[in-house]
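# A structural walkthrough
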Amino acid sequence: MKEGLLKQILEGRKRLTLSSTLIDMGVTQALLNDIYDWSNSMATYGEVASYIPELSRVDPGKTAIVIGDLNGNILAVGNGIEVKVSIQSVIKPFLYIYALEKGVPANQISFIEATALKFNTDAVMQPDQLKNIPGHPLNNAGAISSAGSIADFEDFLNFMRMLTDNERLDVMVNVFESEMQTNSNNRAIARRLAETGRFPNQNQSDKALEHYTKACAIGVTAYDITKACLVLANGGRKNGQQIIKEDNVVRAINAMNTYGLYEHTGEISLLAAGSRALSCKSGVGGLIINVDPGRGAFCTYGPRLDSAGNSVFGKYALIPLNNLLAAPNGMRLSSEEIIRSLSTERSN
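Residues numbered from 1 in each chain as written. Predicted model: local features only at pLDDT ≥ 70, side-chain atom pairs only at ≥ 80, totals over all residues. Heavy atoms only, no water.

This part is about helix H10 (residues 222-233). The α-helix winds at 3.6 residues per turn, so residues separated by three or four positions along the chain end up facing the same way. Here H10 contains 12 residues, and its C-alpha end-to-end distance of 16 Å stays within 8% of the 16 Å for a straight helix at 1.5 Å per residue. Burial analysis of H10 places 11 of its 12 residues in the buried class, the great majority of the element. (Helix = DSSP H or I, 4+ residues; strand = E, 2+ residues; numbered from the N terminus. Expected span 1.5 Å × (residues − 1). Buried < 20%, exposed > 50% of the residue type's maximum accessible area, 1.4 Å probe, protein only.)

In structure tokens, the structure reads:
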């Protein structure tokens, strides 16, 4: 290949990118209201997370959607817009980016292959697999590995405050304490990472676990996290400034494509995005984020979860919202096939 040809092509494509507004994409407040009502009507099953005692106390009837473009336009709907919830696993791509920004090589954090394993297990836990790092940055093991890059938690908190435009962002102490009392599985993962050499000693693995758990307990609203996602959708840029390296944003979005919704990623991606990638991340607190590079981002909130820990309300909202936000002309399942699949899921 001629020297510089690849760079010429890639940089040229970037210059061709135009940022559409929500109106250009057909997203109006009236339509968003209709999507909200439809998603609520479909989300008739699921349970709030109970394995973390503090999460079982949330109001299951609160739901919300917040969506924005890269031109500063944001729309919101729902009785849960102002509800502050613990971010839980939605923090994982941000932990990954933070570790990369601190200079930790990606191949020291984790592998990046998709897996059918649940979020709270990993091949690194199986000695016969001979793995010394986690299999993916967005399962619990990978996120604990990323959290090992945090030397001062206040620094990570300030990183999230910058992304969300919320200087009051803080840890929900009651959630953090509740999780620390019930995180025996994550404690085993952290200690295994010390045994495999990912961390040099148990003290460091214990600190990584503490920081990971504290990060999951950061309190956010759907509006807060949408603002952070818009930075990612804009390639790490905010107010015209490059505040995150674009390469690190790309790595995080790629990870979301392959395991953002855990073992249901492929199934939900097929319905919501068709032949394209679905750049999402869910958390057991009820949030789901969706980032569409060069277009915008949205966040849904609904605390009732499916068997994999994904918000049921959010799963249904993803389908029309992703269709609207994504660039046109992508191949997707027909509406009839999507409805048939959704009917099958609801009847199971």
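Looking now at the pairing of strand E2 (residues 74-77). Residues Leu75 and Val77 line the buried face of E2, whereas the alternating positions Ile74 and Ala76 sit on a face that is not buried. For strand E1 (residues 64-69) and E2, the ladder comprises 4 bridges, and the chain directions are antiparallel. Opposite Ile67, over in E2, you have Leu75 as the bridge partner. Between E1 and the antiparallel strand that follows it, E2, lie 4 residues; Gly72 among them carries a positive phi value of about 90 degrees. (Pairing = 2+ DSSP bridges.)

Attention shifts here to the packing of aromatic side chains. Taken as a whole and assessed by the stated rule, the structure comprises 9 aromatic pairs. Seen in terms of ring centroids, Phe156 and Phe159 are 6.1 Å apart; in terms of plane orientation they differ by 35 degrees. Their pairing is tilted. Linking Phe156 with Phe159, this pair stays in helix H6 (residues 153-164), spanning 3 residues, or about one helical turn. Overall, Phe156 belongs to the buried group, its relative accessible area being 0%. A relative accessible area of 10% places Phe159 in the buried class. A connected cluster of aromatic rings, assembled from ring pairs, spans Tyr98, Phe153, Phe156 and Phe159. For the cation-ring pair, Lys131 lies above Phe111, with the distance from its terminal atom to the ring centre recorded as 5.1 Å. When the ring centre of Phe176 is taken as origin, the NZ or CZ atom of Lys214, which lies over that ring, is 5.3 Å away. (Phe/Tyr/Trp six-rings, centres within 6.5 Å; stacked < 30°, edge-to-face > 60°. Lys NZ or Arg CZ within 6 Å of the ring centre and 35° of its normal.)

For Ile97, the location among the structural elements is in helix H3 (residues 92-101). Given a relative accessible area of 0%, Ile97 falls into the buried group. Separated by 148 residues in sequence, Ile97 and Lys245 have C-alpha atoms that sit 8.9 Å apart. In this view, Ile97 contacts Phe159, Leu232, Ile244, Asn248, Val249 and Ala252; residues no more than four positions away in its chain are not counted. (Contact = heavy atoms within 4.5 Å.)

Time to look at the side chain of Lys281. Within the secondary structure, Lys281 is located in strand E7 (residues 280-282). Although Lys281 is buried, it makes no salt bridge; Glu263 carries the closest opposite charge, 9.5 Å away. For Lys281, the side chain forms a polar contact with the main-chain oxygen of Gly260, separated by 3.4 Å. Of note is the side chain of Lys281, whose polar atom sits 2.9 Å from the side chain of Tyr262. (Lys, Arg positive; Asp, Glu negative; His and termini not counted. Salt bridge = Lys/Arg side-chain N within 4 Å of Asp/Glu carboxyl O. Polar contact = N/O pair within 3.5 Å; in protein donor to acceptor, adjacent residues only side chain to side chain.)

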